[in-house]
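# Close look at the chain arrangement
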Amino acid sequence: MMENAIAWILIFPLFGSVACAILGMGNKKICYPIAVLSMAGSLWGGIETLRQVIASEVHRVSYIFGGWTLDKYPRGVGIEFHADILGILITLVVLGVGLIVSIYSKLPVQDETPNKEPLFYTLFLLQITGLAGICLTGDAFNLYVLIEVAALTGYGLIAMGSKRAAAATFNYVILGTIGASLYLLGVGYIYIKTGTLNMVGIHDVIVANGLADSSTMQVAFVLVGIGILIKMAFFPFHAWLPNAYCNAPTVTSSLLAPLVTKVMIYVMIRMVLSVFGVEFSFESTLWVDVMPWLVVVAIICAAVMALAQREIKRMLAYLIVAEVGYMVGGVWIYNYYGLIGSIFHVISDACMTLCLFLGAGLILRKAKTTHFDGLRGLFSKMPLTMTGFFIGGFSIIGLPPTCGFFSKWYLITGGMVSQRWEYMVVLMFSTMVMVVLFFRLIERIHLAVSESGENLGHGHGDLGLTKEQTRFDEGPLSMLIPLLLAATVVLVVGIYNQDIVNLIEIFLSEFNLPKGVGH
Amino acid sequence: MFEDGTIINELFIERLNYFIYVILLLIGLHGMIAKNNLIKKLIGMSIFQTAIILFYVSVGVKEGATIPIYLPEHDPHGSHASHGDENGTEEAVHGPVVLESGLVKGYANPLPHVLMLTAIVVGVATLGLALALCLRIYQGYGTIEEDEILAKIERQEMRLKPSIIVKSADSPKPKTSNSENSAPKPKVSSSPSTKRSKARPKAKAKTASTATKAKTSQAKSSSPKPKPAVSKSTTTGTKKSPAKPKTTASKTAGKSTTKAKPKPRAKPKAKPTTRTKATSTAKKATASKPKPRTPKK
């Protein structure tokens, strides 16, 4: 059982979803424990796999389904799952977020999608299966299928939301299909040229045959790249994201927002480093010259648009778009530290986005609105929720004890070392915008300042609210504890950042990345 | 014209499939992005996916090759069976056999086609889901034209704005006038209907004086319902106002008239107990409001 831990990661949620669909027909209440238990089991598999990966000499666990083992058959026969440190770290993020959200989901799912709990949890667990599978698979076509599994379940989960959600989901379907199809097309070109779909095999063929200058591979790289950029909501392609996440049910947005975009960043890093290889991606394409500037545009636009929002969820959605810019930039500045920052930021951004969306869900539940004007005096009403929310916010800004500080530190170091000043400046600019965003929120929540800047209270400390409105009134514990757990994770990941960075360094040590100016 | 090496030869004879796949891809992309009708977008999506399937299938084509099932003369199991049948071990019978490279050339590579089976399944799932979404959109908005949906969404958001005034006007504070101007819209949909109906007459008076945009949005959408309800219980203007929603609504889709009608009947049940607050001035304002509205529409 232990040696199959990597398979158990997927088996738990996959069969959990089937169990939810079947047993849920009889008893709706059974779905919630099934979801939580299968997430816990899956997380156990993930931790066990991480232990195996660290223990193994090459820091990689390879698992080939169906007995097509490497000693008997050539690589590429049979579906291979291989977990290296990068893959298993992101998988653990997926599973951890999934577990926390599944605990959180009890009441919101009952209230927001009544009588649909079995369907919801079926899709929820399938979503986790897809996302974790993306992080573990070692097969380029299998990756496409898992991307579509995650996407299709995501469409379903989002469409369960408000009336507007259907229209928002439709846009997501169209753009998501374009993205995934372009990726599929790119895989086709790779297959023409290399004759294999196994990621390691593709890389071996590229290196062995010197395919770096092949125009077919260049086309494949562009198609795969653009497909992934669409799926990760990189700035010009971000249109589907804000509407989809704002109109989705609370649980959906807190599950999808931290994971979907980050997992696609993982796919990009995987493609760039492991599949096409460092030499191909950075030396023989023009992306190194172009992408940092696109990132600059992306971060500025997303940050400014976030600044224009008057509603927490929508503001957070634009923040995600900006954060995607950070991570893409961290990859394409072509630097060792940039990549450390990028990978670490995937982890920390998932934690803090989770924190913020869980907090927003609680605010929505208690204050009945997430609009800025409904937040007055919320801190005295629900201090714990707001503390958790602001730990996430401080992490987005990048205040020291939180994980956001350390990832941003590496990103900025990367920008400095590789002399990508434009990327560094735009990171600073975006940080400043985040400061404005969150301190404006703090002002709304703690003080009684209205939209036009007037003070609504009668002097210092007066919120202009009655005692009734500011009475201590926290959300239900089943929602509050996951939020505080997420906030703790943000702090813990920040405090133990060195351990995680050490792991990432082990992963990156096998690639030939410049520690100075690369381009 | 069709000699080897010319561009025409290359495009139309040797690589016709790839040429067609690119054209189909672009047609599909155009349909998905530029078309206004959601179903047309989906047709574009199908064409787009079909183009990719055509590409993969073209990749798998091999001239003169046959399907990847052992020809009788190549079948290792068959030859095993013909001589020395007892010596054929279990492995030789059941395990996969690697043919010599010379023999392999006669077979087509099945992998691209097999991949496309999966891709077709994914495409069908996506299409089914998208059609279900279309259905829901049509039920929600009564149209599948994208611009009309967007216009309706915008109108609904506009309608939410006066509803915040409802909330603040309802609260007993002296500072309400301050927050009215500033506060756009916390959501109101979840608040119970009795509370809403209590507050509405007052809000009407406010909107009549301030928000002009909101009027147009209210006239079209389902909010005519409070007017007949109010005027029925009052004595004056009963004849007029029930007729008004019809005239305004007749210009909009026929659905909204049917929707708007049954609701007023349900409303008055809640009214007598809750509507104690409404002042006579507010009633007059609501009764007189439909008049300026009709010439506009």
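The structure displayed is predicted, hence computed values, not measured ones.

### What about the overall build of chain B?
Along the backbone of chain B there are 18 helices and zero strands. For chain B, the proportion of its 297 residues judged to be buried stands at 26%.

### Some points on the overall build of chain A
A count of helices and strands for chain A gives 22 helices and two strands. Against the compact-globule benchmark of 24 Å for 519 residues, chain A has a radius of gyration of 22 Å, which places it among compact chains. Each principal axis of the C-alpha distribution contributes one length, and for chain A these read about 75 × 60 × 40 Å. For chain A, the proportion of its 519 residues judged to be buried stands at 62%. Taking contacts inside chain A between residues at least 6 apart in sequence as the whole, the part at least 24 apart equals 79%.

### A word on the nonpolar core
The tendency in soluble globular proteins is for nonpolar side chains to be buried side by side. Residue and element names in this part refer to chain A. In terms of nonpolar packing, the biggest core is built from 225 residues, with Val 94, Val 263, Met 268, Cys 351, Cys 355, Ala 486 and Val 490 touching the most fellow members. The greatest single-element share of this core, amounting to 20 residues, is contributed by helix 15 (residues 336-367). Contact partners of Ala 486, with chain neighbours within four places excluded, come to Ile 100, Cys 351, Leu 354, Cys 355, Leu 358 and Gly 388.

### Remarks on the confidence of the model for chain B
A low pLDDT means the predicted coordinates there should not be read in detail. All names here are of chain B. Model confidence for chain B is summarised by a mean pLDDT of 62, while 42% of its residues fall at 70 or above. Every residue in residues 163-297 is under pLDDT 50, and counting partners more than four places away or in other chains gives 162 contacts. Two numbers describe this predicted complex: its pTM, 0.79, and its ipTM, 0.88.

### Describing the packing of helix 3 (residues 85-104) of chain A against helix 22 (residues 497-508) of chain A
Helix packing geometry: the angle between the two helix axes and the distance between the axes. Residues and elements named next belong to chain A. Running from N to C, helix 3 and helix 22 point in directions that differ by 145°, and their axes come no closer than 9 Å. In this structure, helix 3 uses Ile 85, Leu 86 and Leu 89 to contact helix 22, whose residues at the interface are Leu 503, Ile 506 and Phe 507. Of the residues contributing to the contact of helix 3 with helix 22, the split by class is six nonpolar, no polar and no charged.

### Some details on helix 9 (residues 215-231) of chain A
Residues and elements named next belong to chain A. Its 17 residues place the ends of helix 9 24 Å apart at the C-alpha level, agreeing with the 24 Å of an ideal helix rising 1.5 Å per residue. Of the positions making up helix 9, those classed as buried are Met 217, Ala 220, Phe 221, Leu 223, Val 224, Gly 225, Gly 227, Ile 228, Leu 229, Ile 230 and Lys 231. Residues of helix 9 that are buried in the fold lie against helix 6 (140-159), helix 7 (163-194), helix 8 (199-209), helix 11 (250-275) and helix 13 (287-307). Of the residues trailing helix 9, Ala 233 is marked for its positive phi of about 60°.

### A few points about the pairing of strand 2 (residues 80-84) of chain A
Residue and element names in this part refer to chain A. A large share of strand 2 lies buried, amounting to five of its five residues. In strand 2, alternate side chains face the same way, and those of Glu 80, His 82 and Asp 84 on one face and Phe 81 and Ala 83 on the other are all buried. Strand direction decides the pairing type here: strand 1 (residues 60-64) and strand 2, joined by five bridges, are antiparallel. By the bridge assignment, Arg 60 is partnered in strand 2 with Asp 84.

### Here we look at the environment of A:Ser38
Residues and elements named next belong to chain A. Here Ser 38 shows up in helix 2 (residues 31-55). Sequence separation of Ser 38 and Trp 8 is 30 residues, and the distance between their C-alpha atoms is 10.0 Å. Once you skip the residues sitting within four places of it in the chain, Ser 38 turns out to touch Phe 12, Pro 13, Gly 16 and Leu 125.

### Regarding unusual backbone geometry
One can expect most non-glycine residues to show negative phi and most peptide bonds to be in trans. Residues and elements named next belong to chain A. Phi is positive for His 59, close to 55°, though the residue is something other than glycine. Turning to its location among the elements, His 59 is positioned in the loop between helix 2 and strand 1. Judged by the 19 C-beta atoms lying within 10 Å of it, His 59 is partly exposed. The phi angle at Asn 115 is positive, at roughly 65°, despite the residue not being glycine.

### Observations regarding the packing of helix 5 (residues 117-136) of chain A against helix 6 of chain A
Residue and element names in this part refer to chain A. Two elements in contact, helix 5 and helix 6, have axes whose closest approach is 8 Å; the angle formed by their N-to-C orientations is 150°. Classified by the interaxial angle, the pair formed by helix 5 and helix 6 is roughly antiparallel. Here the hand of the crossing between helix 5 and helix 6 comes out left-handed. From helix 5, Leu 123, Phe 124, Leu 126, Gln 127, Thr 129, Gly 130, Leu 131, Gly 133 and Ile 134 reach across to helix 6, where they touch Leu 143, Leu 146, Ile 147, Val 149, Ala 150, Thr 153, Gly 154, Gly 156 and Leu 157. Residue classes in the contact of helix 5 with helix 6 are distributed as eleven nonpolar, seven polar and no charged.

### A short note on the environment of A:Glu48
Residue and element names in this part refer to chain A. In this structure, Glu 48 sits in helix 2. For the pair formed by Glu 48 and Lys 163, sequence separation is 115 residues and the distance between their alpha carbons is 42 Å. Those residues within four positions of Glu 48 in sequence are excluded, and the remaining contacts are Met 2 and Ala 5.

Quick notes on the rules
- Residues numbered from 1 in each chain as written.
- Chains lettered and ligands numbered in written order.
- Predicted model: local features only at pLDDT ≥ 70, side-chain atom pairs only at ≥ 80, totals over all residues.
- Helix = DSSP H or I, 4+ residues; strand = E, 2+ residues; numbered from the N terminus.
- Buried ≥ 20, exposed ≤ 12 C-beta atoms within 10 Å, placed from the backbone.
- Rg over C-alpha atoms; globule rule 2.2 N^0.38 Å.
- Contact = placed C-beta atoms within 7 Å.
- Core = buried A, V, L, I, M, F, W, Y, C linked by C-beta atoms within 7 Å.
- pLDDT = per-residue confidence, 0-100.
- Axes fitted to C-alpha atoms, helices over the stretch in contact; angles between N-to-C directions.
- Nonpolar A, V, L, I, M, F, W, Y, C, P; charged D, E, K, R; others polar.
- Expected span 1.5 Å × (residues − 1).
- Pairing = 2+ DSSP bridges.
- Parallel < 35°, antiparallel > 145°, perpendicular 65-115°, else oblique.
- Left-handed = near helix turned anticlockwise from the far one by under 90°.

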